[in-house]
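# Working through the structure, step by step
If you want the building blocks of each chain, they are given just below.
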Amino acid sequence: MKIVDTVQDLKGSLISVNSSGFGGANAHCLLQGNPKSKINGGRPNDDIPRLVVWSGRTEEAVDSIINSVTAQPLDAEFIGLLQSTQAQSHNANFYKGYGIYVQNGEGENATCVQREVQHYSGAKRPMVWVYSGMGSQWSKMGNNLMKIPIFAESINRSHDVLVKKGINLKEILTSSDPTVFDNILNSFVGIAAVQIGLTDILKAIGLEPDYIIGHSLGELGCAYADGICDADEMILSAYSRGMASLETKIIFGAMAAVGLGYAQLKDMVPEGVEIACHNSFESTTISGPAENISKFVEELKAKGIFAK
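Cut-offs and rules
- Residues numbered from 1 in each chain as written.
- Predicted model: local features only at pLDDT ≥ 70, side-chain atom pairs only at ≥ 80, totals over all residues.
- Heavy atoms only, no water.
- Helix = DSSP H or I, 4+ residues; strand = E, 2+ residues; numbered from the N terminus.
- Rg over C-alpha atoms; globule rule 2.2 N^0.38 Å.
- Buried < 20%, exposed > 50% of the residue type's maximum accessible area, 1.4 Å probe, protein only.
- Contact = heavy atoms within 4.5 Å.
- Areas by Shrake-Rupley, 256 points an atom, 1.4 Å probe, with all protein chains shown as cover.
- Lys, Arg positive; Asp, Glu negative; His and termini not counted.
- Charge placed at Lys NZ, Arg CZ, Asp CG, Glu CD.
- Pairing = 2+ DSSP bridges.
- Axes fitted to C-alpha atoms, helices over the stretch in contact; angles between N-to-C directions.
- Patch = residues over 30% accessible without salt bridge, like charges linked within 9 Å, V, L, I, M, F, W, Y side chains within 5 Å.
- Salt bridge = Lys/Arg side-chain N within 4 Å of Asp/Glu carboxyl O.

A few words now on the overall build of the protein chain. Counting its secondary structure elements, the protein chain contains nine helices and 10 strands. Its C-alpha atoms give the protein chain a radius of gyration of 27 Å, clearly above 19 Å, the size a compact globule of 308 residues would have. For the protein chain, buried positions account for 30% of its 308 residues. Within the protein chain, residue pairs in contact and separated by at least 24 positions form 65% of the contacts whose partners lie at least 6 positions apart. A total accessible area of about 19700 Å² is found for the protein chain, and carbon and sulfur atoms account for 54% of it. Once the 25 positive and 33 negative side-chain charges of the protein chain are each reduced to a mean point, those two points are 3 Å apart.

Given below as structure tokens:
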């Protein structure tokens with residue numbers, strides 16, 4: 001028998017590992033060599049952060065794996081191996097954690113930018129997907145997300161649909177111009193496209209919601225997540241709704257959020273202003289002609305009441 005105490009060339013493709021002990025440890029494993037050559041040491045060719053999730057019988061067991069990733073340069077193949085190792089749930093592992101890692105300069109060890117380890121009670125929590133309405137848009141909202149291949153593919157598909165309508169979706173989602181969303185049509189298609197892309201990512205990694213809920217435009221996101229409509233139908237519905245808002249000849253209106261409940265606000269609103277949504281005991285949404293809303297918002301602010 002030759003004791004393996006140095007790195008040696010593998011003759012053939014199989015190695016056996018055996019462990020037998022009087023304490024009851026009897027394990028035998030047959031490993032097959034991987035002939036694939038690692039390119040650049042497994043270093044990713046992008047700057048997308050990597051996520052590692054891990055479970056163990058003790059907190060220290062989870063910490064040891066989370067720390068191991070930072071003991072070497074970021075290796076996408078190593079992280080992929082860790083992920084596949086725990087693709088199935090282990091009932092006896094009562095501690096679960098995660099780490100998010102970024103790569104540094106060539107040859108430098110990875111950095112963990114976020115981590116957490118918690119005791120797991122074993123109770124499965126329901127997953128809820130919430131789809132927002134108007135107001136959740138901002139300039140360059142899709143800029144960094146476009147680095148994710150699944151998201152980029154989704155946006156390209158929606159972009160191709162909207163190009164036929166004269167809309168440049170990729171420009172809308174990556175523009176640094178803060179006024180790009182002053183056009184309500186851009187807001188509708190931008191929010192809808194991002195919701196489609198994020199839903200595609202979640203489903204691609206095997207997640208399915210227990211509940212879905214959407215507000216206003218977000219109801220289209222719910223329809224897509226639930227399979228009621230496909231991506232093309234959703235983005236075209238958002239486009240049609242935006243066009244209807246542009247083409248309908250109505251009084252120029254505005255909405256505002258107020259930090260008061262309906263009971264407190266109902267006797268304060270002036271003529272022409274309506275309480276549109278009873279959000280909670282401490283929040284309402286008001287609606288009306290833009291001039292009336294602006295004036296009332298300033299009056300509320302002067303009284304120290306949140307209004308925006």
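An order of E8-E10-E9 is seen for the three strands of this open sheet, with the pairing classed as antiparallel. Sheet topology places strand E8 (253-258) and strand E9 (274-280) at the edges, where each strand pairs with a single neighbour. Strand-to-strand twist across the sheet, computed as the mean angle between neighbouring axes with direction ignored, equals 20 degrees. Where E8 lies against strand E10 (residues 283-289), six bridges are found, and the strand directions are antiparallel. Residue pairing across strands places methionine 255 opposite serine 287, the latter belonging to E10. Most of the contacts of helix H9 (residues 290-302) go to E10, to which it runs at about 140 degrees, and overall it touches E8 and E10.

Now for a nonpolar patch on the surface. Among the surface-exposed residues, Leu10, Ile15, Val17 and Leu31 lie close enough to one another that they form a single nonpolar patch of about 320 Å² accessible area. Assignment of secondary structure puts leucine 31 in strand E2 (residues 26-32). A residue is classified by how much of its surface remains accessible, and leucine 31, at 43% relative accessible area, is partly exposed.

With zero of seven residues buried, E2 lies mostly on the surface of the structure. The pairing of strand E1 (residues 14-20) with E2 spans seven bridges and is antiparallel. Paired with asparagine 18 across the strands is histidine 28, a residue of E2. Where E1 folds back onto E2 in an antiparallel hairpin, the turn is made up of five residues, including glycine 24, whose phi is positive at roughly 105 degrees.

With that settled, the discussion passes to the sheet that holds strand E3 (residues 50-56). Taken together, three strands build an open sheet; the order of strands is E3-E4-E5 and the sheet is antiparallel. The open sheet has two edge strands, E3 and strand E5 (111-119), and neither has a second partner. Direction aside, the axes of adjacent strands within the sheet are offset by 15 degrees on average. Examined bridge by bridge, strand E4 (residues 95-102) and E5 share eight bridges and lie antiparallel to one another. Each bridged residue has a counterpart across the sheet, and for glycine 99 the counterpart in E5 is arginine 115. The sheet strands contacting helix H1 (residues 59-68) are E3, E4 and E5, and the helix crosses E5 at an angle near 165 degrees.

From the geometry alone we can't say anything about function, so treat these as descriptive.
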